[in-house]
Amino acid sequence: MAADLSARDVERVKFAFSIYDFEGNGTMDAYYIGDCLRALNLNPTLAVIEKAGGKEKRKEKMIKVDEFMPIFANVKKDKDAGSYEDFMEVLKLYDKSENGTMMYAELEHILLSLGERLEKTELEPVLKECCDEEDEDGFIPYEPFLKRILSYKV
């Protein structure tokens, strides 16, 4: 097991892992590595999940909890995964009136062009689900959007 994890983290990992151990045999399908990491309050990118051994198809590879512990430890210490506070700071850069709102079109542009590229067809349902209605000037409050997007279950 990962020696650099606290006893609390080890217990949390075992619990989350057990949820994705659908057959009860102490293994998890590598397809669910990203979901399990997200259940542990991490925000790995698709590239990080792939690098960690996540698979795009079910039943390609099964892993044991002892194999998952170092994956969790590596992703946890990875500074590339942003936190709620990091994302709030970025969105505040687009809040020109400093009133907690930003242009919906700017948010859409940011999500389409920065970081992991999304297609507009992939983004539209997410925005529809997570954004409040635009006001008459095209602005939305960004804090509720961020809270919804970070708690969104894939």
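If you're wondering where the values come from, they're calculated on a predicted model, not measured in any experiment.

Thoughts on the overall build of the chain
So, point 1. In terms of regular secondary structure, the chain is built from eight helices and four strands.
So, point 2. When the helices and strands of the chain are placed in sequence order, the string is α-β-α-α-β-α-α-β-α-α-β-α.
So, point 3. Its C-alpha atoms give the chain principal-axis dimensions of about 55 × 30 × 20 Å.
So, point 4. For the chain, the proportion of its 154 residues judged to be buried stands at 32%.

So, a negative patch on the surface
So, point 1. Where like charges cluster on the molecular surface, the negative patch consists of E133, E134, D135, E136 and D137.
So, point 2. Its place among the elements puts E134 in the loop between α7 (120-130) and β4 (139-141).
So, point 3. Taking relative accessible area as the criterion, E134 reaches 43% and is therefore assigned partly exposed.

Topic: the UniProt feature "domain: EF-hand" (unreviewed entry) in the chain
So, point 1. With numbering aligned to this structure, UniProt lists the feature "domain: EF-hand" (unreviewed entry) at residues 8-43 and 82-117.
So, point 2. Secondary structure across residues 8-43 comprises 53% helix and 8% strand; the distance between its end C-alpha atoms is 19 Å.

Details of the pattern of salt bridges
So, point 1. Scanning the model with the defined rule gives eight salt bridges in all.
So, point 2. Residue K59 is joined to E23 by a salt bridge in which the shortest nitrogen-to-oxygen separation is 4.0 Å. Taken together, the residues K59 in the loop between α3 (46-51) and β2 (62-64) and E23 in the loop between α1 (7-19) and β1 (27-29) connect sequence positions 36 residues apart. Here K59 matches E23 in class, with each residue exposed.
So, point 3. Note that E106 and K96 form a salt bridge whose closest N and O atoms lie 3.2 Å from each other. Placement of the pair is E106 in helix α6 (residues 104-113) and K96 in the loop between α5 (84-92) and β3 (101-103), with a sequence separation of ten residues.
So, point 4. Residue K96 is classed as exposed on the basis of its relative accessible area, which comes to 64%.
So, point 5. One continuous salt-bridge network, built from bridges that share partners, spans D9, R12 and K76.

Some thoughts on the environment of D135
So, point 1. With respect to the helices and strands, D135 occurs in the loop between α7 and β4.
So, point 2. Given the relative accessible area of 35%, D135 is considered partly exposed.
So, point 3. Measuring from C-alpha to C-alpha, the distance between D135 and M103 comes to 9.5 Å, with 32 residues separating the pair along the chain.
So, point 4. Polar contacts involving the side chain of D135 include one to the main-chain amide nitrogen of D137, which spans 2.9 Å.

Quick look at the environment of N43
So, point 1. The residue N43 is located in the loop between α2 (33-39) and α3 in this model.
So, point 2. Judged by relative accessible area, which is 32%, N43 ranks as partly exposed.
So, point 3. Taking the C-alpha atoms as reference points, N43 and L93, 50 residues apart in sequence, are found 21 Å from one another.

Rules used throughout
- Residues numbered from 1 in each chain as written.
- Predicted model: local features only at pLDDT ≥ 70, side-chain atom pairs only at ≥ 80, totals over all residues.
- Heavy atoms only, no water.
- Helix = DSSP H or I, 4+ residues; strand = E, 2+ residues; numbered from the N terminus.
- Buried < 20%, exposed > 50% of the residue type's maximum accessible area, 1.4 Å probe, protein only.
- Patch = residues over 30% accessible without salt bridge, like charges linked within 9 Å, V, L, I, M, F, W, Y side chains within 5 Å.
- Areas by Shrake-Rupley, 256 points an atom, 1.4 Å probe, with all protein chains shown as cover.
- Salt bridge = Lys/Arg side-chain N within 4 Å of Asp/Glu carboxyl O.
- Lys, Arg positive; Asp, Glu negative; His and termini not counted.
- Charge placed at Lys NZ, Arg CZ, Asp CG, Glu CD.
- UniProt positions renumbered as here; feature names shortened; annotations may be inferred.
- Polar contact = N/O pair within 3.5 Å; in protein donor to acceptor, adjacent residues only side chain to side chain.

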